[in-house]
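Summary of the model geometry
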Amino acid sequence: MAFPVYALTGGVPPLMPSVDVNHLKKRHQPENEKITWEWLGFTNSARKDNLQLYHWVRVVNGTPPKGDYSFAKYNKSVDVLKYTDEEYEKLLADPKWTKEETDQLFDMCQRFDLRFVVIADRFPSDRSVEELKHRYYSVSKAILIARALTPADVSGHPLVKEPYNITQEIERKRALSMVLSQTKQQERKDAEVLSEAKRITESRMAAKAAEQAELAVMSNTSPEGVEKTSILVDTASPSNMQVTSGVAPLVSMAENAAAAAASLRTLRVYLRTYALEQMVQAASSTAGLRTIKRVEQFLQELKVNLKPKVPTKAVCAEHLELRKEILTLLNLQKQLQNKEEGSSYRESSYTETPDTPKLLQRGMDQDRTFIPDSVSFGAISGERVGKRDQKRKGPGREAPSSPAQSHKRPRKLKATDS
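These lines cover the structure that appears in this document, whether it is placed above or below. Positions within a chain are numbered from 1, following the residues in the order the chain's sequence is written. Two thresholds apply to this predicted model, a pLDDT of at least 70 for residue-level local features and 80 or more for giving and counting side-chain atom pairs, whereas whole-chain, interface and lining totals are computed over all residues. The side-chain numbers reported here are obtained from all heavy atoms of the structure, hydrogens and water having been left aside.

**Details of a nonpolar patch on the surface**
A contiguous nonpolar patch, built from I35, W37, W39, Y54 and W56 and spanning about 630 Å² of accessible area, is present on the exposed surface. For the nonpolar patch, the secondary-structure elements that each account for two or more residues are strand 1 (35-43) and strand 2 (52-60). Working definition: helices are DSSP H or I runs of at least four residues, strands are E runs of at least two. Numbering for both runs from the N terminus. In terms of residues, the nonpolar patch owes the most to one element, strand 1, which gives three residues. Relative to the helices and strands, I35 is located in strand 1. Two joining distances apply to patches: 9 Å for like charges and 5 Å for nonpolar side chains (Val, Leu, Ile, Met, Phe, Trp, Tyr), and every residue must have over 30% relative accessible area and no salt bridge. The protein chains shown are the only cover counted for residues, whose accessible areas, like all others here, come from Shrake-Rupley with a 1.4 Å probe. The rule for a salt bridge is simple: a side-chain nitrogen of Lys or Arg has to be within 4 Å of a carboxyl oxygen of Asp or Glu.

**Regarding empty space enclosed by the protein**
Cavity means a closed set of points on a 1 Å grid over the protein atoms alone, one where a 1.4 Å probe fits but cannot get out, pocket means an open set with protein on both sides within 12 Å along at least 5 of 7 lines, and lining means a residue has an atom within 4 Å of a point. Grid points are joined across faces, edges and corners, and a volume is the space filled by probe spheres set on the points. In the structure shown here, the tally under the stated rule is two cavities of 30 Å³ or more. Counted as a void, the second largest cavity has a volume near 30 Å³. Lining the second largest cavity, in full, are T273, L276, E277, K307, P308 and P311. Partitioned by chemical class, the residues of the lining of the second largest cavity number three nonpolar, one polar and two charged. Three classes are used, and their members are as follows: Ala, Val, Leu, Ile, Met, Phe, Trp, Tyr, Cys and Pro are nonpolar, Asp, Glu, Lys and Arg are charged, and the others, Gly among them, are polar.

**Considerations on unusual backbone geometry**
With the exception of glycine, the majority of residues adopt a negative phi angle, and the majority of peptide bonds are in the trans configuration. Positive phi, close to 55°, is recorded for N61, a residue that is not glycine. Inspection of the secondary structure assignment puts N61 in the loop between strand 2 and helix 2 (85-92). Buried, partly exposed and exposed residues are distinguished by accessible area as a fraction of the type maximum, computed with a 1.4 Å probe on protein chains only: under 20%, between the cut-offs, and over 50%, respectively. Owing to a relative accessible area of 46%, N61 belongs among the partly exposed residues under this scheme.

**A closer look at the packing of helix 3 (residues 99-112) against helix 5 (residues 129-147)**
Orientation is described by axes fitted as lines to C-alpha atoms, over the contacting stretch for helices, and by angles from 0 to 180 degrees between their N-to-C directions. Look at helix 3 against helix 5: their axes get within 11 Å of each other, and the N-to-C directions meet at 90°. Here helix 3 lies roughly perpendicular to helix 5, going by the angle between them. Each of T102, L105, F106 and C109 in helix 3 lies in contact with helix 5, whose residues at this interface are L132, R135, Y136, V139 and S140. A per-class count over the contact of helix 3 with helix 5 returns six nonpolar, two polar and one charged. These descriptions rest on fixed angle ranges, namely under 35 degrees for roughly parallel, over 145 for roughly antiparallel, 65 to 115 for roughly perpendicular, and the rest for oblique. The contact rule is simple, with two residues in contact once any of their heavy atoms fall within 4.5 Å.

**Side note on the environment of V280**
Note that V280 resides in helix 11 (residues 272-283). Separated by 40 residues in sequence, V280 and L320 place their C-alpha atoms 6.7 Å apart. With near-sequence residues (within four places) excluded, V280 lies in contact with L320 and R323.

**Concerning the packing of aromatic side chains**
What counts as a ring pair is set by centres within 6.5 Å for rings of Phe, Tyr and Trp (its six-membered ring), and what kind of pair is set by the plane angle: stacked under 30 degrees, edge-to-face over 60, tilted for all other angles. The final tally for this structure, using the stated rule, is 13 aromatic pairs. Ring centres 6.5 Å apart and planes at 10° place the aromatic pair W39 and Y54 in the stacked group. With W39 in strand 1 and Y54 in strand 2, this residue pair connects regions lying 15 residues apart in the sequence. For W39, a relative accessible area of 49% translates into the label partly exposed. You can call Y54 partly exposed: its relative accessible area is 47%. Ring centres of F42 and Y69 lie 4.6 Å apart, and the angle between their planes is 20°; on these two criteria the pair is classed as stacked. Pair noted here: F42 is in strand 1 and Y69 is in the loop between strand 2 and helix 2, with a separation of 27 residues, a long-range link. The class for Y69 is partly exposed, based on a relative accessible area of 24%. Feature note: the residues Y83, Y88, F106, F116, Y136, Y137 and Y164 constitute an aromatic cluster, connected by ring pairs.

Here is the structure:
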């Protein structure tokens, strides 16, 4: 073959097979088995007229196959219930249906195997498919329940367990016809609406996740942090307590509540109970665990629910305001208690050192740090003053009678004293 002709044809197919026959799976066939194909007749048990047809049959060693037609097993028929005249008069009478129409309906259901479209096409009166279905299934259900010994015997039957709903079926077909009759433009609009709804759902989920992360960072939920906060609040010294300490928690509470309200606005849709919980958490974040428990105990004493039963906007606002007022009251009570403890400590120190001027004693109180335990404070100070006096004491001098006298300057020694 010339090269230009070979190039135009795209090549010659191979003369030999490309697949090795030895690699193919061989079918095992006995040596003494002789197979032939014969044109034989057969009958089908699915037919009632004993019609005989013919087809090619595989015959082994001259013996044709026996048995029923292989496709007869696919012939399935519906068992349609039959009723008597007495049952119809007692259970099945319906003013919209006559007995002749009902009998004709059940005969056609038996004949056409519940193909209601075919039945509706051949039914003599003008009945819809839904009406025919409703009549057949309602009659069958009534017959099953009447013939059962107990209702529990037929409770699992499909006709009783899932009864036919004609209203839902009519609405389903109406919605299906509307969908099938849409134009391409309407389908595009529906697709755009669905995509926009999906985008809004994803954005809301992302905003909710970000909000939860922000709330987790803002609220100190670890028990160690709560214990540290409560310890710092409880062990604060009254000497460092000022009037502004009562204002600072209120300012921080307002700021936290405002931040929680601003973060809730990003959610767009949320429950008022959830909003109230977030506001209470934000308002109580600066207080210790003991203070929060005292607030809840105070609410119980006032016979106020920890969560409002009717969480309207006004009720939630009043509940939050009440919590803030109780927290302010507890802070003021703690400040008053600390002030009273400080004043009682100063008065006890004045009675113990009558020779010391009050001005000097007041200056000493301002310089040293406050220690709550007055007994340990007096013992430690007495030991330190005693050691200092032993170092300063010379020959011919006596130790001062009280620790407060050690603060006086020693007089100058004369030659006669030595």
